[in-house]
Amino acid sequence: MRSVAGDGDDDNGGEHGAGLRRGTTYSWTNPKLQTKDSAKQRGNHTESSVEEYKRIQFGGCGSIIMHSGTSSRVTSLQHTGLSLWSAAYVMSYYIVDMWIQDIKCSNNELNKWTVLDLGAGLGLCSAVAAKHGMNIISTDSDSQALVLLEENVRRNCNEDNGNTSVHTLDWISAAEQADMTTNPVFEELEKYGGSDLVILSDVIYSATKPAWKALIVLLQKLRSQRMRLLCNSPATVERKRCDSTHTPASDPLVLLSYTQRRRDMSPQDEAEFFTMLRKAGMEAVLVPSGQIPHGETYMLTTLFELRWVN
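This is a predicted model, so every value here is computed, not measured. (Residues numbered from 1 in each chain as written. Predicted model: local features only at pLDDT ≥ 70, side-chain atom pairs only at ≥ 80, totals over all residues. Heavy atoms only, no water.)

### Considering the nonpolar core
The tendency in soluble globular proteins is for nonpolar side chains to be buried side by side. The following threshold applies: Buried Ala, Val, Leu, Ile, Met, Phe, Trp, Tyr and Cys residues that are joined via side-chain atoms within 4.5 Å together make up what is termed a nonpolar core. Buried, partly exposed and exposed residues are distinguished by accessible area as a fraction of the type maximum, computed with a 1.4 Å probe on protein chains only: under 20%, between the cut-offs, and over 50%, respectively. Only DSSP runs of H or I with at least four residues qualify as helices, and only runs of E with at least two residues qualify as strands; both kinds are numbered from the N terminus onward. What makes two residues a contact is simply this: any of their non-hydrogen atoms within 4.5 Å.
Ranked by internal contacts, the top residues of the largest apolar core, which has 40 residues, are I95, W99, V115 and L197. Elements with a contribution of two residues or more to this core: β4 (51–58), β5 (63–67), α2 (86–104), α3 (124–131), β9 (197–201) and β10 (253–259). Among the elements that line this core, the one with the most residues is α2, at 10 residues. Not counting chain neighbours up to four residues away, the residues in contact with I95 comprise C125, V128, L197, I199 and L255. In this structure, L169, F274, L277 and W308 belong to the second largest nonpolar core, which totals 34 residues.

### Some thoughts on the environment of I137
Structurally, I137 is set in strand β7 (residues 135–140). C-alpha of I137 to C-alpha of S195: the two residues are 58 residues apart in sequence and 9.2 Å apart in space. The contact partners of I137, leaving out residues within four places of it in the chain, are V115, L116, D117, S165, H167, V185, E188, L189 and Y192.

### Structural notes on the packing of helix α6 (residues 184–192) against helix α7 (residues 212–230)
This is how it is decided: Only the stretch in contact is used when fitting a helix axis, every axis being a line fitted to C-alpha atoms; angles between N-to-C directions are given from 0 to 180 degrees. Any angle that falls under 35 degrees is termed roughly parallel, while one over 145 is termed roughly antiparallel, one within 65 to 115 roughly perpendicular, and all others oblique. When the near helix sits turned anticlockwise from the far one by under a right angle, the crossing is termed left-handed; a clockwise turn instead gives a right-handed crossing. Classes in brief: Ala, Val, Leu, Ile, Met, Phe, Trp, Tyr, Cys and Pro nonpolar; Asp, Glu, Lys and Arg charged; the others, Gly included, polar.
Axis separation between α6 and α7 bottoms out at 10 Å; the angle between their running directions is 30°. On the basis of their axis angle, the class for α6 and α7 is roughly parallel. Viewed along their axes, α6 and α7 form a crossing whose handedness is right-handed. On α7, the residues touching F186, L189 and E190 of α6 are L218, K221, L222, Q225, R228 and L229. Split into classes, the residues belonging to the contact of α6 with α7 amount to five nonpolar, one polar and three charged.

### Examining unusual backbone geometry
Here D202, not a glycine, exhibits a phi torsion of approximately 55°, which is positive. Along the chain, D202 falls in the loop between β9 and α7. Accessibility expressed as a relative area gives 1% for D202, which makes it buried. Located in the positive-phi region is S244, a residue other than glycine, with phi close to 75°. Relative to the elements of secondary structure, S244 occurs in the loop between α7 and β10.

### Section: the packing of α2 against α3
Direction vectors running N to C along α2 and α3 enclose 20°, while the axes themselves pass 9 Å from each other. With respect to each other, α2 and α3 are oriented roughly parallel. Crossing hand, α2 versus α3: right-handed. Packed against α2, whose contacting residues are A88, Y89, M91, S92, I95, V96 and W99, the element α3 presents L124, C125, V128 and A129 at the interface. Taken together, the residues of the contact of α2 with α3 sort by class into 10 nonpolar, one polar and no charged.

### Considerations on helix α4 (residues 143–154)
Because each turn of an α-helix spans 3.6 residues, side chains separated by three or four positions end up pointing in the same direction. Rule in force here: The length a helix should cover is 1.5 Å for every residue beyond the first.
Relative to the 16 Å expected for 12 residues at 1.5 Å per residue, α4 spans 17 Å between its end C-alpha atoms, a close match to the ideal helical length. All of the buried residues in α4 are A145, L146, V147, L148, L149, E151, N152 and V153.

### A look at the confidence of the model for the protein
Any residue range with low pLDDT should be treated as having predicted coordinates unsuitable for detailed reading. The following threshold applies: Every residue carries a pLDDT, the predictor's confidence in it, which falls somewhere between 0 and 100.
Counting all residues, the mean pLDDT for the protein is 80, and 74% of those residues have values of 70 or more. For residues 70–77, every residue scores under 50 in pLDDT, and the model assigns this stretch 16 contacts once sequence neighbours within four places are set aside.

### Structural notes on the packing of aromatic side chains
Where two aromatic rings form a pair, the distance of their centres and the angle of their planes describe that pair. Our working definition: Centre distance within 6.5 Å is the pairing criterion for rings of Phe, Tyr and Trp, where only the six-membered ring of Trp is used; planes under 30 degrees apart are then read as stacked, over 60 as edge-to-face, and the remainder as tilted.
One pass over the full model with this rule turns up eight aromatic pairs. For the ring pair Y93 and Y298, a centre distance of 6.4 Å and an interplane angle of 35° mean the geometry is tilted. With Y93 in helix α2 and Y298 in the loop between β11 (282–286) and β12 (301–308), this pair connects stretches of sequence that are 205 residues apart. When sorted by exposure, Y93 lands in the same class as Y298, which is buried. Every member of this aromatic cluster is reached through a ring pair, and the members are W212, Y258, F273, F274 and F304.

### Some points on the pattern of salt bridges
Our working rule: The rule for a salt bridge is simple: a side-chain nitrogen of Lys or Arg has to be within 4 Å of a carboxyl oxygen of Asp or Glu.
Overall, the coordinates contain nine salt bridges when judged by the stated rule. Salt-bridge contacts for E151 lead to R155; the nearest nitrogen and oxygen are separated by 3.2 Å. Across the pair R307 and D243 runs a salt bridge whose closest N-O atoms are separated by 3.0 Å. With R307 in strand β12 and D243 in the loop between α7 and β10, the pair connects residues that are 64 residues apart, well separated along the chain. Owing to a relative accessible area of 9%, R307 belongs among the buried residues under this scheme. Sharing partners across several salt bridges, the network here consists of E151, R154 and R155.

In structure tokens:
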């Protein structure tokens, strides 16, 4: 999720990021993109559901696909999840490095984390998690983004490793839901003892402001679920934080990355979001740029750990 394409940090394929490579443009057809009429006749011209895409290869996962070039679908305010944004690169580099360190601390055995990606968009972060064998639950509210999200997660998952799933999730509706056991996302998290890691990549900007309160409520519900499940099945995953402490077993590790753009996230908006966090008993701890691989490439993108203080 992010603002309209053309903000400068959207490279539509990540040509300037280390570990990123642009693939060739090719056609891809997904049945879910097809309407009831697979092709529409316009005079002598046939408009089919086959569209042009480009493949982006990322060091740490195989590849993801996205629409080739800039189209009305990509630039629409309702479909910002169809572009790649710098915050997704920063988040992906960081979690890959985090899992590399995890292996070093676990006698070369990688713990299997349960990862929840909220507002996943094209799913670069989800793809990285899937490639590393994590249990990944990817969500978005944009039906068009969900099509590519599902494909990108699928092409990076390994049947011998973690489980993957993609769900529609509207934050406001979920926050208002009284019985979360009937929510598909929470229902699936029950199987894993709750979420170990919650990813929030470029989901905080002016267009999502009406849903900020709901997002914080959703985070509280995720914590409550994990605390309840912990009583029956103690957590085994050590989730090391950026200051070398460990997240309490009852809390998921929550990472928020976003790029500072004054045209769609004013200083007042930014302050309002962090004030809402404090009122909810949470704090935002800045991850030092030196701990983010290639962080110098994305100077306007910030990564935070969101922690509960009580």
